[in-house]
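The chain contents come next:
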Amino acid sequence: MKTVFAIFILFLVSPIHSQIEALFDLKKFHSSESNYIETYLFIYGNTLFENKDSNFKDKGVEVLQYIENDKKHIVAHEKYIIKEQSDYVEKEGIMDLQRFPVSNGEFTIFLEINDINDSNNIEKYQEEFSISESEEPYFSDLELLDSYWKEQDGENKESELTKSGYHMVPLVTNYFGDEFEKLAYYLEVYNMNNVDSSESLLLKQFIRIKGTNKIAGQFNKIKKVPTKAIYPVLNIFDINNLPTGNYELCIQLNDRKNRLLCERIIDFQRTNLKNSM
């Protein structure tokens with residue numbers, strides 16, 4: 001099983017209004033209770049208007065997300081406002097994560113972003129996706145991470161940012177510029193308990209030069225993993241010495257005879273001014 005990592009850049013080409021620029025992505029996961037998707041939205045702060053009231057120097061958006069099934073019935077929706085001080089939004093942008101439970105089937109997600117300080121500054125987007133399950137081992141989607149930290153006692157365990165005992169802030173890009181020193185990611189392995197094996201399986205994680213089968217230097221990790229129904233994988237590669245180029249992050253699950261059971265691959269770009277190919 002292979003996936004292509006896609007980040008959608010949202011913008012309307014209009015010389016007068018509608019200048020919102022954003023990155024949007026969704027990832028599919030499975031829990032013991034249900035399937036669910038996570039949506040990741042990053043909005044560039046310099047494409048939003050500032051509140052014209054001198055007493056309220058803020059920028060913000062009203063966001064509507066809803067999901068339709070193949071019968072055009074709405075099965076999930078959220079509408080909310082995010083706003084912060086203008087200086088903060090201008091520098092850091094707006095990052096948003098939502099989580100929606102979904103059943104198996106075909107769906108379309110609709111996204112609408114409205115600038116709260118200019119009713120003409122609007123962006124709309126829609127994307128089709130499907131959810132299915134298998135009795136064989138398979139991976140969730142692969143989530144790139146901006147940062148993560150271990151959950152502490154007393155923290156909100158129901159937060160959308162929390163999975164497997166960690167708070168995770170998604171990275172909504174597959175471009176790693178010179179300022180990036182780490183490549184961190186999270187995914188889950190499902191149904192390993194259905195494999196007829198009394199031994200652990202092999203999880204391979206490596207960075208490959210795109211268009212080749214060549215592993216990039218020492219960016220390669222192999223470990224045995226127990227055959228659990230759901231097994232989380234949280235990993236990080238130090239990419240300080242990864243040269244400028246196009247790469248693939250590859251995750252593979254193999255049986256004890258080294259036969260490939262499932263695979264997840266995403267493309268990414270690296271710019272490293274200290275180490276160019």
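Residues numbered from 1 in each chain as written. Predicted model: local features only at pLDDT ≥ 70, side-chain atom pairs only at ≥ 80, totals over all residues. Heavy atoms only, no water.

**Digging into the sheet that holds strand E16 (residues 215-225)**
So, step 1. Read across the open sheet, the five strands follow the order E13-E19-E18-E15-E16; overall the sheet is mixed. Only two strands of the sheet have a single partner each, and these edge strands are strand E13 (175-176) and E16.
So, step 2. Note: strand E15 (residues 201-209) against E16, seven bridges, orientation antiparallel. Bridge pairing in E16 places Gln205 opposite Lys221. (Pairing = 2+ DSSP bridges. Helix = DSSP H or I, 4+ residues; strand = E, 2+ residues; numbered from the N terminus.)

**Quick notes on unusual backbone geometry**
Most of the time, phi is negative for any residue but glycine, and the peptide bond is trans.
So, step 1. Not every positive phi belongs to a glycine, and Lys72 is a case in point at roughly 65°.
So, step 2. You will see that Asn258, though not glycine, has its phi angle at about 65°, which is positive.
So, step 3. When you line up the elements, Asn258 lands in the loop between strand E18 (245-254) and strand E19 (260-270).
So, step 4. On the basis of relative accessibility, which here comes to 42%, the residue Asn258 falls in the partly exposed class. (Buried < 20%, exposed > 50% of the residue type's maximum accessible area, 1.4 Å probe, protein only.)

**Let's talk about the pairing of strand E4 (residues 58-69)**
So, step 1. For E4, the buried fraction is high: nine of the twelve residues fall into the buried class.
So, step 2. Across eleven bridges, E4 lies against strand E5 (residues 74-85) in antiparallel orientation. Paired with Gly60 across the two strands is Lys83, which belongs to E5.
So, step 3. As judged from the nine bridges shared by E4 and strand E7 (residues 105-115), these two strands associate in the antiparallel manner. Within E7, the residue paired with Val61 across the bridge is Asp115.

**Points about the layout of surface pockets**
Over the atoms rolls a probe the size of a water molecule, and in doing so it shows where empty space is left.
So, step 1. In this structure, the second largest pocket encloses a volume near 430 Å³.
So, step 2. The wall of the second largest pocket is formed by 18 residues, among which Phe42, Glu92, Gly93, Ile94 and Met95 lie closest to the centre.
So, step 3. Here the element with the most residues in the lining of the second largest pocket is helix H1 (residues 86-92); it accounts for four residues.
So, step 4. Partitioned by chemical class, the residues of the lining of the second largest pocket number twelve nonpolar, two polar and four charged. (1 Å grid on protein atoms, 1.4 Å probe; cavity = no way out; pocket = protein on both sides within 12 Å on 5 of 7 lines; lining within 4 Å. Points joined across faces, edges and corners; volume = space filled by probe spheres on them. Nonpolar A, V, L, I, M, F, W, Y, C, P; charged D, E, K, R; others polar.)

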